Amino acid sequence: MSVEEEPPKPVDLYRDTPVRYLGYANEVGEAFRNVVHRNVVRFSYLISGGYVVADATSKSSSSPTPIRTFADVLIWQGLASVAIPGFTINRLCWAVGKMVGPARTAVVTGTGLLAIPFIIKPIDTAVDHGMERVVRPYILDNVNC
């Protein structure tokens, strides 16, 4: 008896390669907020936002429902890669800065950077849940183009 092998999944440039790390640029920017000029932080959001739009454009270009796919990817990536992680690192660094006082620069930045790997999976899971329970059934299922 032979077991049929599934064909390998194609590599997703925006999720399976180092390009994925561009989506985390704003978290790094937030971790360094107390050390760099605010325009550097803004630029980090521009990089992350560009990543989100590029991924949404890529996914929608080969979809039978390009507008729905674009909106789905844009919302998911916007929440999971930019908005929620950026807010989380920003508030974490702010709170640590309030607690540590004068030695805050290295401690705040280090805490922000060290937190990034730990927040990714829980945020992705929460966004998946929110998309499945709210956004897709009540919003995107009504978009048929």
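Residues numbered from 1 in each chain as written. Predicted model: local features only at pLDDT ≥ 70, side-chain atom pairs only at ≥ 80, totals over all residues. Heavy atoms only, no water.

The next subject is the pattern of salt bridges. Summed over all chains, the structure comprises six salt bridges. Salt-bridge contacts for Arg33 lead to Glu30; the nearest nitrogen and oxygen are separated by 2.8 Å. By relative accessible area, which is 38% here, Arg33 ends up partly exposed. Judged by its relative accessible area of 3%, Glu30 falls in the buried class. Residues participating in the shared-partner salt-bridge network are Asp12, Arg15, Asp55 and Lys59. (Salt bridge = Lys/Arg side-chain N within 4 Å of Asp/Glu carboxyl O. Buried < 20%, exposed > 50% of the residue type's maximum accessible area, 1.4 Å probe, protein only.)

The next subject is the packing of helix 2 (residues 38-61) against helix 3 (residues 66-100). Geometrically, a packed helix pair is captured by the angle between its two axes and the distance between the axes. Interhelical geometry of helix 2 versus helix 3 gives an angle of 155° and a closest axis separation of 8 Å. It follows from the interaxial angle that helix 2 and helix 3 lie roughly antiparallel. Remark: the crossing between helix 2 and helix 3 carries right-handed chirality. Across from Tyr45, Ser48, Gly49, Tyr51, Val52, Val53, Asp55, Ala56, Thr57, Lys59 and Ser60 in helix 2, the residues of helix 3 making contact are Pro66, Thr69, Phe70, Val73, Leu74, Gln77, Gly78, Ser81, Val82 and Gly86. Here the residues of the contact of helix 2 with helix 3 are counted per class, giving ten nonpolar, nine polar and two charged. (Axes fitted to C-alpha atoms, helices over the stretch in contact; angles between N-to-C directions. Helix = DSSP H or I, 4+ residues; strand = E, 2+ residues; numbered from the N terminus. Parallel < 35°, antiparallel > 145°, perpendicular 65-115°, else oblique. Left-handed = near helix turned anticlockwise from the far one by under 90°. Contact = heavy atoms within 4.5 Å. Nonpolar A, V, L, I, M, F, W, Y, C, P; charged D, E, K, R; others polar.)

On to the nonpolar core. Core analysis: the largest hydrophobic core is formed by 17 residues, its most contacted members being Trp76, Ile89, Val127 and Met131. Considering each element in turn, this core owes the most residues, nine residues, to helix 4 (residues 104-138). Aside from chain neighbours lying at most four places away, what touches Met131 is Asp72, Ile75, Trp76, Arg136, Pro137 and Leu140. (Core = buried A, V, L, I, M, F, W, Y, C linked by side-chain atoms within 4.5 Å.)

Now for helix 2. The end-to-end C-alpha distance of helix 2 is 35 Å, a good match for the 34 Å that 24 residues give at a rise of 1.5 Å each. Of all the positions in helix 2, only Val41, Ser44, Ser48, Tyr51, Val52, Asp55, Ala56 and Ser60 are classed as buried. Here the buried face of helix 2 lies against helix 1 (25-31) and helix 3. (Expected span 1.5 Å × (residues − 1).)

A few words now on the packing of aromatic side chains. Summed over the entire model, instances satisfying the criterion amount to two aromatic pairs. Ring centres of Tyr21 and Tyr24 lie 6.2 Å apart, and the angle between their planes is 50°; this geometry places the pair in the tilted category. Judged by relative accessible area, Tyr21 falls into the exposed class, the value being 59%. With relative accessibility at 11%, the residue Tyr24 sits in the buried group. Over the face of the ring belonging to Trp76 we find Arg15, whose NZ or CZ atom lies 5.4 Å from the ring centre. (Phe/Tyr/Trp six-rings, centres within 6.5 Å; stacked < 30°, edge-to-face > 60°. Lys NZ or Arg CZ within 6 Å of the ring centre and 35° of its normal.)

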